[in-house]
Amino acid sequence: MLSRQDQLDALRAVLEEQFQRQTEELTELTVYSGDPERNGYDPHEIATRIATTRQTLAETTQALQRMAEGTYGRCEECQADIPVERLEIRPQARYCVACQRVRSA
Ligand SMILES: [Zn+2]
């Protein structure tokens, strides 16, 4: 049985890998957007993909930042521990399920 800290440490590796992948993807898309052929993407699609990837990358960066600060896995609203099961599905999560529900309502 892993402790919560061990489980959070395992998520750090997941986030670092995502950070790496999203950075590469953003670099790739940026290169494509400057290319006349755009690797087959239409200009609107590539703009959308760049925006989405940039947003996800920002969320991943923030999650890694919270890990560095030791606040990762704590709900920013009610300060409760976010269940690891939720973080495994969505490692960038900033809120527990209840607070997220209120925010997106
Ligand atoms: Zn909460």
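Predicted model only: the values in this text are computed from it and were never measured.

Participant: Just to check I follow, could you spell out the environment of E59 for this structure?
Facilitator: The residue E59 is located in helix 2 (residues 43-69) in this model. Judged by relative accessible area, E59 falls into the partly exposed class, the value being 21%. In this structure, the C-alpha to C-alpha distance between E59 and I46, residues 13 residues apart in sequence, is 20 Å. Discounting chain neighbours no more than four positions away, the residues touching E59 are R90 and Q92.

Participant: Would you mind going over helix 1 (residues 4-33) with me for this structure?
Facilitator: The periodicity of an α-helix, 3.6 residues per turn, causes residues three or four positions apart to be oriented the same way. Taking 1.5 Å per residue, 30 residues should reach 44 Å; helix 1 reaches 42 Å between its end C-alpha atoms and fits that length. All of the buried residues along helix 1 are L8, L11, L15, Q18, Q22, L26 and L29. In this structure, the buried side of helix 1 is in contact with helix 2 and helix 3 (84-89).

Reading the values: the criteria
Residues numbered from 1 in each chain as written. Predicted model: local features only at pLDDT ≥ 70, side-chain atom pairs only at ≥ 80, totals over all residues. Heavy atoms only, no water. Helix = DSSP H or I, 4+ residues; strand = E, 2+ residues; numbered from the N terminus. Buried < 20%, exposed > 50% of the residue type's maximum accessible area, 1.4 Å probe, protein only. Contact = heavy atoms within 4.5 Å. Expected span 1.5 Å × (residues − 1).

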